[in-house]
Amino acid sequence: MGIRLIVKEPDPVLREIAAEVTKFNPNLKKLLKDMAATMYDAEGVGLAAPQIGISKRVIVVDVGDENGLVEMVNPVIVEQEGEQLGPEGCLSIPNLNGEVRRADRIVVKGQNSDGEPITVNASGYFARAFQHEVDHLNGILFTDLAESIYDISDRPKKGGE
Ligand code: CO
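In this report, we go over the structure that sits alongside the text. (Residues numbered from 1 in each chain as written. Predicted model: local features only at pLDDT ≥ 70, side-chain atom pairs only at ≥ 80, totals over all residues. Heavy atoms only, no water.)

Across the sheet, which stays open at both edges, the three strands sit in the order 4-5-8 with antiparallel pairing between neighbours. Of all the strands in the sheet, just strand 4 (84-90) and strand 8 (148-151) have a single pairing partner and so form its edges. Averaged over all pairs of adjacent strands, the angle between their axes in this sheet comes to 20°, without regard to strand direction. The sheet contact formed by strand 4 and strand 5 (residues 93-102) spans seven bridges and is antiparallel. Residue pairing in the sheet places Gly89 in a bridge with Asn97 of strand 5. Together, strand 4 and strand 5 form the strand contacts of helix 2 (residues 124-137), whose direction differs from that of strand 4 by roughly 55°. (Pairing = 2+ DSSP bridges. Helix = DSSP H or I, 4+ residues; strand = E, 2+ residues; numbered from the N terminus. Axes fitted to C-alpha atoms, helices over the stretch in contact; angles between N-to-C directions. Contact = heavy atoms within 4.5 Å.)

Take the nonpolar core next. With 19 residues, the main nonpolar core has Ile59, Val61, Ile106, Val120, Ala122, Phe126 and Phe130 as its most contacted residues. Contributing elements (two or more residues each) for this core: strand 2 (58-61), strand 3 (70-81), strand 6 (105-111), strand 7 (117-123) and helix 2. Looking at this core, the element that brings in the most residues is helix 2, giving six residues. Listed in part, the 14 residues of the second largest apolar core include Leu31, Met35, Leu47 and Val58. (Core = buried A, V, L, I, M, F, W, Y, C linked by side-chain atoms within 4.5 Å. Buried < 20%, exposed > 50% of the residue type's maximum accessible area, 1.4 Å probe, protein only.)

Before going further, it helps to spend a moment on the sheet that holds strand 7. Judged by pairing direction, the sheet is antiparallel, and its five strands sit side by side in the order 1-2-3-6-7 without closing on themselves. At either margin of the open sheet sits one strand with a lone partner, and together these are strand 1 (46-48) and strand 7. The mean inter-strand angle of the sheet, taken between neighbouring strand axes irrespective of direction, is 35°. With seven bridges connecting them, strand 6 and strand 7 associate as antiparallel partners. Within the sheet, the bridge partner assigned to Gly110 lies in strand 7 and is Ile118. Strand contacts of helix 1 (residues 26-41): strand 1, strand 2 and strand 3, with the helix running at about 40° to strand 2, the strand carrying the most contacts.

Another point: the coordination of the cobalt ion. In this structure, Cys90 (SG), His132 (NE2), His136 (NE2) and Glu161 (O) serve as the protein donors to the cobalt ion, at separations of 2.0 to 2.3 Å. Because the angles between the four donor atoms bound to the cobalt ion fall within 91 to 127°, the donor set is best described as tetrahedral. Between the donor residues of the cobalt ion, the gaps in sequence give the motif C-x41-H-x3-H-x24-E. Taken as a pair, His136 in helix 2 and Glu161 in the segment after strand 8 lie far apart in primary sequence, 25 residues in all. (Donors = N, O, S within 2.8 Å, 3.2 Å for Na, K, Ca; no water. Tetrahedral: all angles 85-135°; square planar, octahedral: opposite > 155°, others 65-115°.)

The next subject is the environment of Val45. Topologically, Val45 is positioned in the loop between helix 1 and strand 1. Separated by 16 residues in sequence, Val45 and Val61 place their C-alpha atoms 5.8 Å apart.

This part is about the pattern of salt bridges. Tallying each qualifying case throughout the model produces 12 salt bridges. Where Arg102 meets Glu88, a salt bridge forms, and the shortest distance between an N and an O atom there is 2.6 Å. You can see Arg102 sitting in strand 5 and its partner Glu88 sitting in strand 4, a full 14 residues away along the chain. Glu88 gets classed as buried once you look at its relative accessible area, which sits at 1%. Two residues, Arg105 and Asp104, come together in a salt bridge whose shortest N-O distance is 3.2 Å. Ionic contacts of the salt-bridge type, sharing partners, join the residues Glu88, Arg102, Arg128 and Asp135 into one network. (Salt bridge = Lys/Arg side-chain N within 4 Å of Asp/Glu carboxyl O.)

Dropping the structure here:
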């Protein structure tokens, strides 16, 4: 299928609690591949499966730094410390950005597409993107958390999640 359609707020799938993945099969690999293609096509820095209408605990993140593309299944943030306040956007909420307070450093545990355990240590913007994507799996959007929200429809867009 390649590039998938990104669903937009207020699509109800964005408010569901996504289901744990239990089958690590070719369909999952295809889903991850399509999610990465969809994220890059939209010039985003992260994407969660509910954003393409699939209520499963699957995310991809690539903030364009040395960490590259990270694919994670069933991600759980197991440690967090520090604090950062910064701008955030979302591919499912195209015309808004907001200032969101997030942990500055996190440890995320999950699985790769083969079901093997993986751990990612993230800080700064990379950590922000992970927290944003994990929120998507729990039906939470950045606009629920933002301390201020501003309209960016008159500005060129970059860095949506
Ligand atoms: Co988002």
